[in-house]
Amino acid sequence: MERNAEDFARKYEEVYQDMFRFALYTLKNRQEAEDVVSETVLDAWKGIRTLKNEDAFRAWIFRILATKCRQKLKSYLNRMAELPEDLAWRERDTSEDMDVRAAFYRLHDEERLVLSLNLFAGYSGREIAEMLDMNDNTVRSLKSRALKKMEQMLTA
């Protein structure tokens, strides 16, 4: 794809909301999500010439975003400092919504990432496997295990 600012902006505008939603649900922190999306856009702009098929823009930019989110999650594990307060759970008016979110956040990082890519970004198991450099069966297993865990948490 040619490096054209208008085309890039148009394509980015089509996926921004989904990118931010994915990053927010994955990282659980608004500021971190905004930062990761910004970093992703910069990297995508720098590497836009490597995109051979313009129709693959969404998958390509989400692959960059997923990698950035994984790196950020790993940095959380390596950080010795106390996590920011805004990572803590805040009560919401709807108890069902709160329970679902709490169950989602109790999942392992990799499980949250796979569910986020599938549920919030709309990617298939095969697409997620390609993005995350995983086996299709591993992705299906992670998704299935995550959904079962959430179901158990919500019915307990």
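Note that the coordinates shown come from a computational prediction; the quantities given were computed from them, not determined experimentally.

About the thresholds
Each chain has its residues counted from 1, running along the sequence as written. Two thresholds apply to this predicted model, a pLDDT of at least 70 for residue-level local features and 80 or more for giving and counting side-chain atom pairs, whereas whole-chain, interface and lining totals are computed over all residues. In computing side-chain properties, one takes all heavy atoms of the structure into account and sets aside hydrogens as well as water. A run of H or I in DSSP counts as a helix once it spans at least four residues, and a run of E counts as a strand once it spans at least two, with each numbered from the N terminus. Residues are treated as being in contact if the distance between any of their heavy atoms lies within 4.5 Å. The accessible surface values rely on the Shrake-Rupley method and a 1.4 Å probe; as for residues, cover is taken only from the protein chains in view. We call Phe, Tyr and Trp rings a pair once their centres come within 6.5 Å, taking the six-membered ring for Trp, and we label the pair stacked below 30 degrees between planes, edge-to-face above 60, and tilted otherwise. For every residue, the accessible area obtained with a 1.4 Å probe (protein chains only) is divided by the maximum for its type, and the residue is called buried under 20%, exposed over 50%, and partly exposed between those limits. What is meant by a nonpolar core is a set of buried Ala, Val, Leu, Ile, Met, Phe, Trp, Tyr and Cys residues, joined one to another through side-chain atoms within 4.5 Å. Each axis is a line fitted through C-alpha atoms, taken for helices only over the stretch in contact, and angles between the N-to-C directions span 0 to 180 degrees. Roughly parallel here means an angle under 35 degrees, roughly antiparallel means over 145, roughly perpendicular means 65 to 115, and every remaining angle is called oblique. Helix crossings get a hand from a simple test, with the near helix turned counterclockwise from the far one by less than a right angle marking a left-handed crossing and a clockwise turn marking a right-handed one. Note on residue classes: Ala, Val, Leu, Ile, Met, Phe, Trp, Tyr, Cys and Pro are nonpolar, Asp, Glu, Lys and Arg are charged, and everything else, Gly too, is polar. Each salt bridge in this description consists of a side-chain nitrogen of Lys or Arg and a carboxyl oxygen of Asp or Glu lying within 4 Å of one another.

Participant: Got a minute to help me understand the overall build of the protein in this structure?
Facilitator: Across its full length, the protein carries seven helices and zero strands. Moving toward the C terminus, one meets the helices and strands of the protein in the order α-α-α-α-α-α-α. Partitioning the contacts of the protein with sequence separation of at least 6, the portion at a separation of at least 24 is 68%. Summed over all atoms, the accessible surface of the protein reaches about 9600 Å², with 46% contributed by carbon and sulfur.

Participant: Before we go on, may I ask you to explain the packing of aromatic side chains in this structure?
Facilitator: Describing an aromatic ring pair means giving the distance of the ring centres and the angle of the ring planes. Scanning the entire structure with this criterion turns up nine aromatic pairs. When the ring of F8 is compared with that of F57, the centres are 5.7 Å apart and the planes differ by 85°; the resulting orientation is edge-to-face. In this pair, F8 sits in helix α1 (residues 5–27) while F57 sits in helix α3 (residues 57–78), placing the two residues 49 residues apart along the sequence. Arranged with centres 6.0 Å apart and planes meeting at 50°, the rings of F57 and W60 form a pair that is tilted. Residue F57 and its partner W60 are both found in helix α3; the two are separated by three residues, about one turn of the helix. Assigned by exposure class, F57 and W60 land together as buried.

Participant: Could you clarify how one ought to interpret the environment of L65 in this entry?
Facilitator: Tracing the chain through its elements places L65 in helix α3. Relative accessible area serves as the criterion here: at 0%, L65 is assigned to the buried category. Each C-alpha atom of the pair L65 and A44 lies 9.3 Å from the other, and the pair is 21 residues apart in sequence. Contacts of L65, omitting those with residues within four sequence positions, involve M19, F22, A23, V36, V37 and T40.

Participant: Got a minute to help me understand the nonpolar core in this structure?
Facilitator: Side chains that are nonpolar tend, in soluble globular proteins, to be buried together. Among the nonpolar cores identified, the biggest contains 36 residues, and I61, F62, L65, L117 and L132 are the most heavily contacted of them. Of all the elements in the fold, those that place two or more residues in this core are α1, α2 (30–46), α3, α5 (109–120), α6 (125–132) and α7 (136–155). Here this core gets nine residues from one element, more than from any other, and that element is α3. In contact with L132, other than residues within four places in its own chain, are A66, R70, L113, V114 and L117. Among the nonpolar cores identified, the runner-up in size contains eight residues, and Y25, A103, L107 and M150 belong to it.

Participant: Any chance you could explain the packing of α1 against α5 here in plain terms?
Facilitator: For any two helices packed against each other, the geometry comes down to the angle between their axes and how far apart the axes lie. The geometry of α1 relative to α5 is characterised by a closest axis approach of 9 Å and an angle of 155° between their N-to-C directions. As judged from the angle between their axes, α1 and α5 are roughly antiparallel. Every pair of crossing elements has a handedness; the one defined by α1 and α5 is right-handed. Here D18, R21, F22, Y25 and T26 of α1 lie close against α5, whose contacting residues are R112, L113, S116, L117 and F120. Looking at side-chain class alone, the contact of α1 with α5 contains five nonpolar, two polar and three charged residues.

Participant: Can you help me understand the pattern of salt bridges in this one?
Facilitator: Oppositely charged side chains can form a pair if their charged atoms are brought close together. This model, assessed by the stated rule, comprises 12 salt bridges. Between D109 and R112 there is a salt bridge; the shortest N-O distance is 2.9 Å. Of this pair, D109 and R112 both sit in helix α5, separated by three residues, roughly a single helical turn. For E111, the salt bridge is made with K149, and the minimal N-O distance between the two is 3.0 Å. Note that E111 is positioned in helix α5 and K149 in helix α7, a separation of 38 residues in sequence.

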